[in-house]
Amino acid sequence: MSDVTTKELRIVGFLCNWCSYGGADTAGVARAKQPTDLRIIRVPCSGRVDPLFIVRALFLGADGVLVSGCHPRDCHYSTGNFYARRRLEVLKQFLPILGIDSRRFEYTWVSASEGQRWQHVVTTFTEQIHSLGAAPKFMDVEPKEFKLGARVSTPILPLGAGQDQPLKELKTAIKEALPKLEVVIGWQQGRDPLHAVPLFMRKAEDVDKLIWGPCNVHNVATYLREYQGHKVGLVLKACDARSVIELLQENLASREDLTLFSLPCQGTFDYGRVEQCIGRYTQLSDVQFTQSAATVMVDGTSKTLPYAEYMQSKCLRCTSRLPKLVDISFGTDPTEDAKDARESAESLPPELALVESLSLEERMAFWRASMERCIRCGACRNSCPMCICRDHCISDTRDPHFMTQADTFLEKLFFQVIHALHLAGRCTECGECQRSCPLGIPILALRQKLNRIISELFAGYQAGSDPSQVPPLLCYAVEEPKIKEREW
Amino acid sequence: MSAYSYLTAQEIPTLVERLAPHFEQVLVPTEQKGVKESVIFAPWTKGSPISLAKATVPPKAAVFPKCETLFSYKIEKDTQDAPKLTLNPEIYAPKTLIFAARPCDALGLNILDRPFLQSHYVDPYYAAKRDKLCVVTLTCPSGCENCFCHWVGIGPAATQGADIVLTAIKSGYVAQAMTQKGQELLEKCAFKDGTDKVPEVNQARKAAWESLKPAPDLSQIHSTLAQSFADLDFWTQETQACLSCGACTYFCPTCYCFTITDEGDAQSPQGGQRLRSQDNCMAQLYTREASGHNPRPNKALRMRNRVTHKYMTYKETWGAFACSGCGRCIQHCPVGLDIRAILLAAIARTTNTPDMQGGK
Amino acid sequence: MVTPAPTTNPSRPKMQGNPYVPMPATVKEVIQETPVIKTIRVVLDDENARTNFHFEPGQVGQVSVFGVGEATFVIASPPTETNYLQFSVMRAGEVTSAIHKLNVGDKVGVRAPLGNFFPYTSWQGKNVFFIGGGIGMAPIRTILLHLLAHKQDYGTISLLYGTRTPNDMSYKYELEDWLNREDLNCNLCIDTAAPNWPHRVGLIPNVLKELAPSPKNTVAVLCGPPIMIRFTIQALQELGFAPEAIVTTLERRMKCGLGICGRCNIGGSYVCVDGPVYTLKQLQSLPNEL
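Keep in mind it's a predicted model, so treat the numbers as computed, not measured.

Novice: Looking at this structure, I do not really get the interface of chain B and chain A. What am I missing?
Specialist: Bring the parts together and some accessible area is lost; that lost area is often taken as the interface size. Facing the 54 residues of chain B at the interface are 52 residues of chain A. Interface area for chain B against chain A, summed over the two sides, is near 4,500 Å², with a carbon-plus-sulfur share of 53%. Considering only the surface of chain B that becomes buried against chain A, K33(B), V35(B) and K36(B) emerge as the three largest contributors, covering 17% of it. At the boundary of chain B and chain A, one finds three salt bridges. Among the ionic pairs, K299(B) bridges to E226(A), the shortest N-O distance being 2.8 Å. If you look at where chain B meets chain A, you find 26 residue pairs in polar contact (both at pLDDT 80 or more). Elements that contribute at least two residues to the side of chain B that touches chain A include exactly β3 (38-43), α8 (247-250), β11 (258-263), β12 (272-278) and α10 (328-332) of chain B. Looking at the side of chain B that touches chain A residue by residue, the classes come out as 22 nonpolar, 18 polar and 14 charged.

Novice: I'm lost on the packing of aromatic side chains in this one. Help?
Specialist: The geometry of an aromatic ring pair comes down to the distance between the two centres and the angle between the two planes. Scanning all chains against the criterion turns up 33 aromatic pairs over all chains. Note on Y107(A) and W109(A): the rings are 5.7 Å apart at their centroids and 65° apart in plane angle, and the pair reads as edge-to-face. There is no split in this pair, since Y107(A) and W109(A) are both buried. On the basis of an interplanar angle of 75° and a centroid distance of 5.9 Å, the ring pair of F269(A) and Y271(A) is categorised as edge-to-face. Residue classification places Y271(A) among the buried positions, given a relative accessible area of 12%. These aromatic residues form a ring-pair network of at least three members: F64(B), F116(B), Y125(B), Y126(B), Y256(B), F258(B) and Y20(C). When the ring centre of Y281(A) is taken as reference, the NZ or CZ atom of K54(B) above it lies at 4.0 Å. Above the plane of the ring of Y121(B) lies K14(C), whose end atom (NZ or CZ) is 4.8 Å from the centre.

Novice: Just checking my understanding: could you explain the packing of helix α6 (residues 221-228) of chain B against helix α9 (residues 299-318) of chain B for this structure?
Specialist: The description of two packed helices rests on the angle between their axes and on the distance between the axes. All names here are of chain B. Contact pair α6 / α9: the axes reach a minimum separation of 9 Å and the direction vectors enclose 120°. Once α6 is placed against α9, the crossing between them reads as left-handed. Across the interface between the two elements, I221, H222, L225 and A226 from α6 touch V307, T308, Y311, M312 and K315 from α9. Partitioned by chemical class, the residues of the contact of α6 with α9 number six nonpolar, two polar and one charged.

The rules behind each value
Residues numbered from 1 in each chain as written. Chains lettered and ligands numbered in written order. Predicted model: local features only at pLDDT ≥ 70, side-chain atom pairs only at ≥ 80, totals over all residues. Heavy atoms only, no water. Contact = heavy atoms within 4.5 Å. Buried area = accessible area lost by both parts, 1.4 Å probe. Salt bridge = Lys/Arg side-chain N within 4 Å of Asp/Glu carboxyl O. Polar contact = N/O pair within 3.5 Å; in protein donor to acceptor, adjacent residues only side chain to side chain. Helix = DSSP H or I, 4+ residues; strand = E, 2+ residues; numbered from the N terminus. Nonpolar A, V, L, I, M, F, W, Y, C, P; charged D, E, K, R; others polar. Phe/Tyr/Trp six-rings, centres within 6.5 Å; stacked < 30°, edge-to-face > 60°. Buried < 20%, exposed > 50% of the residue type's maximum accessible area, 1.4 Å probe, protein only. Lys NZ or Arg CZ within 6 Å of the ring centre and 35° of its normal. Axes fitted to C-alpha atoms, helices over the stretch in contact; angles between N-to-C directions. Left-handed = near helix turned anticlockwise from the far one by under 90°.

Okay, here's the thing in structure tokens:
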């Protein structure tokens with residue numbers, strides 16, 4: 001059902017002004033024979049090519065996209081292509097998760113004098129695209145739902161209700177620190193004892209409302225962007241602290257403004273699973289937490305929620321109970337005992353495992369089915385601690401006009417791609433985006449995939465581990481040991 | 001024929017099958033796979049499964065779609081002649097049945113009717129769809145933690161806005177025709193007469209009412225909110241946790257804010273469309289003017305607008321709340337912000353500090 | 001075009017037909033008023049629409065540049081002008097930038113008339129003092145010209161028009177005439193002194209206090225940026241103007257213009273249908289949300 005009726009396919013080329021565009025010109029002047037499928041867009045530098053341009057082109061029906069810039073070390077702006085190389089390699093490895101064959105996108109280096117090389121590159125790439133044929137279109141794929149598989153069943157660290165943790169000591173410490181702080185953010189009980197909501201402690205009596213336990217799902221680091229430049233305290237779970245560290249890495253928060261509190265976290269609920277047990281619109285009473293399960297009366301019937309079954313999958317794979325960065329904490333971290341369990345921690349999370357188990361075409365069907373029910377509420381974006389553009393999100397701007405208001409799954413999937421790519425190398429996998437999605441769309445899979453690509457490419461890099469580290473897409477290396485340059 | 005029909009639980013799909021031929025589109029609650037259970041109103045085809053659970057997303061899109069084309073435009077420019085402008089309005093209004101909505105969903109449609117149909121202008125896009133809409137509701141068997149329909153004047157067994165009301169009884173369901181349209185449809189479906197089941201229906205509805213926790217008196221809430229309006233500290237305090245995402249508005253059966261945008265170059269061969277899309281008053285961009293001036297620049301003011309619209313200004317204009325108490329804003333808020341808590345805090349604020357009336 | 005009989009309160013003209021679909025129109029004239037303000041004069045394409053089009057001074061229109069979007073502007077020509085509709089547009093956002101790029105002969109869309117209008121019949125027999133600041137002169141122009149056309153029904157008509165610099169003055173081609181008119185007391189001012197400026201210097205509220213118009217039997221009508229409105233209203237109140245004798249016209253971000261979409265509301269009052277013209281007294285009864 002291709003729109004292209006001739007033999008030609010649609011290939012978009014982003015060529016840097018200084019080298020590859022010159023190279024193409026040289027090839028043209030030399031009257032080198034070239035395929036005619038390529039449509040060239042001249043850009044100042046390969047570093048100017050936002051990976052989103054490439055995804056947009058592929059979503060809108062391009063059969064292939066080629067980016068070509070100056071050879072590394074030869075960039076007109078000295079480092080543009082070093083950055084580009086990292087971004088483009090990450091994108092190339094990311095495309096398959098969306099259901100797009102990674103061979104439909106290539107990036108190469110061609111200098112202005114290399115007319116022959118340009119001829120070779122464009123011929124090889126065009127042949128590659130022709131051998132793949134016209135790109136399958138999302139519009140032509142029937143939506144299909146797939147069910148998540150089983151997840152790791154034994155947690156690495158024992159889960160619990162955290163009820164025996166030294167909360168009293170923590171409260172005292174917060175009260176002591178409060179006079180020097182504008183606010184300390186933690187959790188309090190929400191509409192019922194099985195739900196918590198963020199708590200903003202400004203006065204000593206507010207601190208008494210603080211709770212600790214499996215209902216504290218929210219990542220309160222999300223509020224940091226609102227309190228930039230203010231003296232604030234945060235009560236953190238170990239995983240939340242990674243977001244704080246990442247913000248420090250990016251100079252989006254300053255260490256001296258922050259006072260970080262913590263207790264050992266023994267896991268938090270996956271409310272998607274909890275709701276399957278207790279229903280979405282029910283009356284609850286008599287909530288009890290024991291060390292192995294929570295019990296609750298639901299519309300008069302007793303229900304049990306064993307933690308191993310009802311906590312978030314990230315908690316099952318968690319290897320540290322206390323944050324890597326903390327000012328005031330109580331209790332101990334049994335991380336040392338868990339060293340052997342690393343392998344289990346590295347196993348694929350269920351969302352990603354599901355998508356990876358599918359063929360490319362099934363992935364397109366999967367994303368189509370998933371995104372069709374998205375109603376673009378924006379909860380995923382606004383609950384993300386790393387989404388720091390806030391009111392200036394490029395998905396909202398009209399100039400540049402990245403996204404339309406049209407209610408199509410492709411636009412909505414494109415929004416997820418924007419979010420995921422803007423988090424590449426920055427996402428701490430707290431899972432707030434997916435937790436916040438009222439429709440349970442497994443959008444975390446995209447972030448999980450990117451994190452694994454980044455970790456593989458950049459020496460096991462994990463966002464939010466060390467405040468002094470530079471996020472990998474904000475820097476470059478002259479030689480990239482893990483990035484294989486195109487040989488053609 | 002009586003207004004009541006009786007059918008067994010197994011006959012629910014039969015009911016849909018018999019109703020379907022009278023419509024171009026039948027929207028039924030349909031369960032979705034994913035990382036949490038969600039139910040949306042999806043087009044029904046013979047054999048597709050029907051969930052009777054309360055839907056995650058209200059059915060308002062049937063009359064007020066997520067996004068719809070107002071008209072398409074195209075400008076053809078010839079160097080010689082004057083440019084030619086073509087505008088093609090498109091009003092898409094299939095005959096639609098919403099099946100197994102809840103009373104709060106049906107009331108939501110009534111709430112939307114007023115601004116779209118009874119204001120200064122009749123909205124032709126809404127009117128066309130509304131005119132061809134038929135609603136079958138299912139009364140709720142009990143109350144729950146996050147819905148509060150009885151606070152706003154309806155309840156789990158309310159019938160407003162419905163053409164046919166289904167109520168579960170022990171041995172199945174009773175369908176009650178509420179309108180002429182509903183009566184005619186039910187007659188065509190030819191189920192057994194359910195008049196003898198009416199006592200059971202009433203008992204089920206009474207049981208639903210009895211399961212509710214007591215509701216506060218909201219009869220004066222509009223003046224309570226008016227008194228709290230200028231108290232910015234109050235609104236700042238109540239909205240601290242808000243992330244400004246807007247899930248509360250998109251999942252609300254009564255929110256009707258929208259935006260209008262042009263998508264597509266007028267002079268391109270295919271032209272473009274002017275779209276109307278549901279929008280979100282929680283967003284900073286929503287009210288920002290081109291000059292940069294923003295009358296509602298922070299989340300406290302935006303939430304104030306949302307809350308006062310629902311319980312104060314809409315009530316002053318139309319004599320009813322713009323809230324059907326469905327609780328989805330509470331259920332789906334990523335941080336569990338509870339609109340009920342804001343109302344209760346406003347009431348507490350005015351009762352505790354009578355000398356502060358009129359704000360500060 | 002119908003000129004309303006002076007003694008009866010005219011009913012409000014409204015949009016006809018599908019209120020979301022603009023009337024096609026063609027740009028007839030483009031006037032560069034200041035570096036950032038352009039005036040466009042447009043003519044409705046459809047002859048029927050042209051003859052049936054009526055509006056009252058103060059009503060607004062939504063101007064569409066197809067492919068970019070719509071924005072709301074006051075119809076700055078007087079109702080007596082039947083040859084064209086005039087909009088004065090300051091370049092600020094996406095749509096206004098697109099309007100600034102329009103040439104004569106280009107196609108636009110107009111949804112009008114929207115909103116209420118100046119309650120000029122209630123001003124009959126009174127003096128009217130107009131105050132326009134910057135682009136806020138546009139709505140003042142329509143009602144000023146309307147009143148001058150019906151001069152006999154009103155007392156003294158005065159105008160104070162202020163901008164930042166002489167360069168920011170719109171309608172320069174008319175100002176000379178206004179200054180010389182017998183039936184108009186025209187005052188111009190700029191914020192800070194500039195060479196060869198023969199008129200007043202100072203911020204509008206201060207110049208207003210210098211002019212000190214008597215509140216007796218006088219209505220003050222003002223429009224301008226929010227900050228100017230705020231301080232000018234204060235100055236008027238200091239001069240003794242009662243809240244019901246102060247009339248302003250507001251600007252808000254609008255989309256539908258029909259009182260539905262929920263952008264322009266101040267509490268329960270929708271500026272697009274209940275406004276844009278309000279007396280201070282009306283504004284005081286609304287929640288403070290400017």
